[in-house]
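Read off the chains here:
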Amino acid sequence: MVFSSLVFLYLFLPVCLVLYFVMPTLKAKNVVLCFLSLLFYAWGEPLWVVAMIFSALTDYTCSRIIGKHRGTRTAKLAMAASVILNLGLLFTFKYSDFFLGTVGALTTVQVPVVGLRLPIGISFYTFQTMSYTLDVYRDETPVQHNFLDLLLFVSLFPQLIAGPIVRYREVAEQIGKRNSTWEGVSSGMTRFFCGLGKKVLLANFAGETARNILNSDFGILSAPAAWLGILCFAFQIYFDFSGYSDMAIGLGRVFGFRYGENFDHPYIARSITSFWRRWHISLGRFFRDYVYIPLGGNRRFQLRNIMIVWFLTGLWHGASWNFMIWGLYFGVLLVLEKHLLKRFLHKLKWGGILYSFFFVLLGWVLFYFTDLTRALAFCKILFAGGAPLDKATGILLINNLPLLLLCAVASTPVPKLLKQRLINWPAAARWRPAGTATAVAFNMAILFLCTSALVGASYNPFLYFRF
């Protein structure tokens, strides 16, 4: 089930809200929320919900052992068991076929692939459960003795499918002590509908154009059309993922949880370093705290550490060579910025934004095409030119220009600044309704527009399902 589906918007979410808020105690609310979260996951993965529960049970058991035998060899073995079992589960489902296929391609041995279906969101919940045990081992978070509370942390449906990657220590206190206020519900629902609008009204339309261009016959593709295609994909993946994060953060706030931000207008970054501090922030923090710093961070073997982290970042996104090359591509750019370009980039303003966005676009080419031959052919069209620009392509460019402009503005802080200006404008007080009424009207307008777009829509993917 996805947030941008009519089933979720008009069936699951209303029922969830009613059942949650009629419960008299927080303990009862947690039980309902945990049950509904498992139902939410089982809706699309009725079998593999068992894998998620197994992952939670593994880390619950290992953390209890660590807490009881802290500082001993037993605690180390429990921590190692958590890492091995979690990564083993992830490897089996996500990478086993890729590994076996690579072995078969490099040797004459015919290796049969496993053919397991990838459980939705396994990369996200595996990192969450594993980070809990690692934090317990580091004595940075208390041991959770109630399995239901830990399972709620792992399965909580707002951030289950695609993050943000929430660490247990960030919500440990909130699981057992939180309040759902009217202000929180109102602001949370507004944040949810903002994310829904990003996804349905921007990402879906940009994505459909991107798909039609990037999956077309390259023999008849012109350079302007190719640039339009990769621009649309860049906006699709941003509004798709940041929109989902907005919806997750908003729903979390409705239920009294406070999640950290996952995006901070990455397309206005003035360097690749800044871009990755603004894009998928929770994943960057995970690799920083659990891989980069333990390897030595900036203190020793910095170049090696950066390349390892970015190889793993690419591998995390998918079991395909293009993702690993994509990760290493950004690793090289980050090293170049750190050692050669840093002193020049801080002097640039618009030039820095154009530089960053240009190289990010090239990175999205690697990200989109799992077939590297096709990726190279597409790059050749971008820079060497493809088919001549014809009338149909010209019409395509003109028709998509308003969408591109809207996406460009929406990916900057301009909408937020306009909202603040409106709120603070003295004359507005004479005609602006009360804040709650304004929020409800805004949310209903977004819901109406999104419903209209979703009814009969044949294109409503969520890109990060495959990760």
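If you're wondering where the values come from, they're calculated on a predicted model, not measured in any experiment.

## Considerations on the overall build of the protein
1) Next: The helix and strand tally for the protein stands at 19 helices and 0 strands.
2) Next: In terms of C-alpha radius of gyration, the protein reaches 23 Å, essentially the compact-globule figure of 23 Å for 467 residues.
3) Next: Along the first, second and third principal axes, the C-alpha set of the protein runs to 75 × 70 × 45 Å.
4) Next: Taken over 467 residues, the protein has a buried fraction of 51%.

## Regarding unusual backbone geometry
1) Next: For His280, which is not a glycine, the phi torsion comes out positive at approximately 45°.
2) Next: Examined against the element boundaries, His280 turns out to sit in the loop between helix H11 (272–278) and helix H12 (281–295).
3) Next: Residue His280 is classed as buried on the basis of its relative accessible area, which comes to 2%.
4) Next: Located in the positive-phi region is Phe301, a residue other than glycine, with phi close to 55°.

## Side note on the pattern of salt bridges
1) Next: Scanning the model with the defined rule gives 10 salt bridges in all.
2) Next: With its nearest N and O atoms 4.0 Å apart, the salt bridge here joins Arg70 to Asp139. In this pair, Arg70 is assigned in the loop between helix H3 (49–68) and helix H4 (73–106) and Asp139 in the loop between helix H5 (122–137) and helix H6 (147–155), connecting sequence segments 69 residues apart.
3) Next: Residue class for Arg70 comes out partly exposed when judged on its relative accessible area of 35%.
4) Next: Look at Asp139 and you get exposed, because its relative accessible area is 55%.

## Focus on helix H8 (residues 168–176)
1) Next: Of all the residues in H8, the buried ones are Tyr168, Val171, Ala172, Gln174 and Ile175.
2) Next: Summarising the contacts, the buried residues of H8 are in contact with helix H2 (26–44), H5 and H6.

## Notes on the packing of aromatic side chains
Aromatic rings in a pair are described by how distant their centres are and how their planes are angled relative to each other.
1) Next: Counted by the stated rule, this structure contains 64 aromatic pairs.
2) Next: Both rings, one in Phe218 and one in Phe369, keep their centres 5.9 Å apart while their planes meet at 85°; by these two values the pair is edge-to-face. Of the two residues, Phe218 is situated in the loop between helix H9 (182–214) and helix H10 (223–254) and Phe369 in the loop between helix H15 (350–368) and helix H16 (372–384); the sequence distance between them amounts to 151 residues.
3) Next: With centroids separated by 6.1 Å and ring planes inclined at 80°, the aromatic side chains of Phe235 and Tyr267 adopt a geometry described as edge-to-face. Of this pair, Phe235 sits in helix H10 while Tyr267 is found in the loop between H10 and H11, placing the two residues 32 residues apart along the sequence. Both residues of the pair, Phe235 and Tyr267, count as buried.
4) Next: In this structure, Lys94 packs its charged tip against the face of Trp316, placed 5.4 Å from the ring centre.
5) Next: We note Arg374 situated over the ring of Phe218; from NZ or CZ to the ring centre the distance is 3.8 Å.

## Focus: H3
Think of an α-helix as 3.6 residues a turn; residues three or four steps apart then line up on the same face.
1) Next: With 20 residues, H3 should reach 28 Å at 1.5 Å per residue; the first-to-last C-alpha distance of 29 Å fits that figure.
2) Next: What H3 keeps buried is the set Val49, Ala51, Met52, Ser55, Ala56, Thr58, Asp59, Tyr60, Cys62, Ser63 and Ile66.

## Considering the packing of helix H13 (residues 302–317) against helix H14 (residues 321–345)
1) Next: Running from amino to carboxyl end, H13 crosses H14 at an angle of 150°, the nearest separation of the two axes being 7 Å. On the basis of their axis angle, the class for H13 and H14 is roughly antiparallel. Pair H13 / H14 crosses with right-handed handedness. Only Phe323, Met324, Trp326, Gly327, Leu328, Phe330, Gly331, Val332, Leu334, Val335, Lys338 and His339 of H14 make contact with H13, whose side of the interface consists of Gln302, Leu303, Ile306, Met307, Trp310, Phe311, Thr313, Gly314, Leu315 and His317.

## A look at the side chain of Arg191
1) Next: Relative to the helices and strands, Arg191 is located in helix H9.
2) Next: Setting aside residues up to four positions removed in sequence, Arg191 forms contacts with Asp246, Met247, Ile249, Gly250, Arg253 and Glu261.

## Examining a nonpolar patch on the surface
1) Next: A grouping of Val7, Leu11, Val15, Val18, Leu19, Val22, Phe35, Leu39 and Trp43 is seen on the molecular surface, where their side chains present a nonpolar patch of about 810 Å² in accessible area.
2) Next: Of all the secondary structure elements, the ones that give two or more residues to the nonpolar patch are helix H1 (6–22) and H2.
3) Next: Among the elements that make up the nonpolar patch, the one with the highest residue count is H1 (6 residues).
4) Next: By secondary structure assignment, the location of Phe35 is in helix H2.

## A closer look at the environment of Val254
1) Next: Tracing the backbone shows Val254 in helix H10.
2) Next: With a relative accessible area of 1%, Val254 lands in the buried category.
3) Next: Placed 110 residues apart in sequence, Val254 and Trp364 show a C-alpha to C-alpha distance of 34 Å.
4) Next: Look past the residues within four positions of Val254 in its chain and what remains in contact with it is Leu17, Phe21, Ser180, Gly184, Val185, Gly188 and Met189.

Reading the values: rules and limits
Residues numbered from 1 in each chain as written. Predicted model: local features only at pLDDT ≥ 70, side-chain atom pairs only at ≥ 80, totals over all residues. Heavy atoms only, no water. Helix = DSSP H or I, 4+ residues; strand = E, 2+ residues; numbered from the N terminus. Rg over C-alpha atoms; globule rule 2.2 N^0.38 Å. Buried < 20%, exposed > 50% of the residue type's maximum accessible area, 1.4 Å probe, protein only. Salt bridge = Lys/Arg side-chain N within 4 Å of Asp/Glu carboxyl O. Contact = heavy atoms within 4.5 Å. Phe/Tyr/Trp six-rings, centres within 6.5 Å; stacked < 30°, edge-to-face > 60°. Lys NZ or Arg CZ within 6 Å of the ring centre and 35° of its normal. Expected span 1.5 Å × (residues − 1). Axes fitted to C-alpha atoms, helices over the stretch in contact; angles between N-to-C directions. Parallel < 35°, antiparallel > 145°, perpendicular 65-115°, else oblique. Left-handed = near helix turned anticlockwise from the far one by under 90°. Patch = residues over 30% accessible without salt bridge, like charges linked within 9 Å, V, L, I, M, F, W, Y side chains within 5 Å. Areas by Shrake-Rupley, 256 points an atom, 1.4 Å probe, with all protein chains shown as cover.

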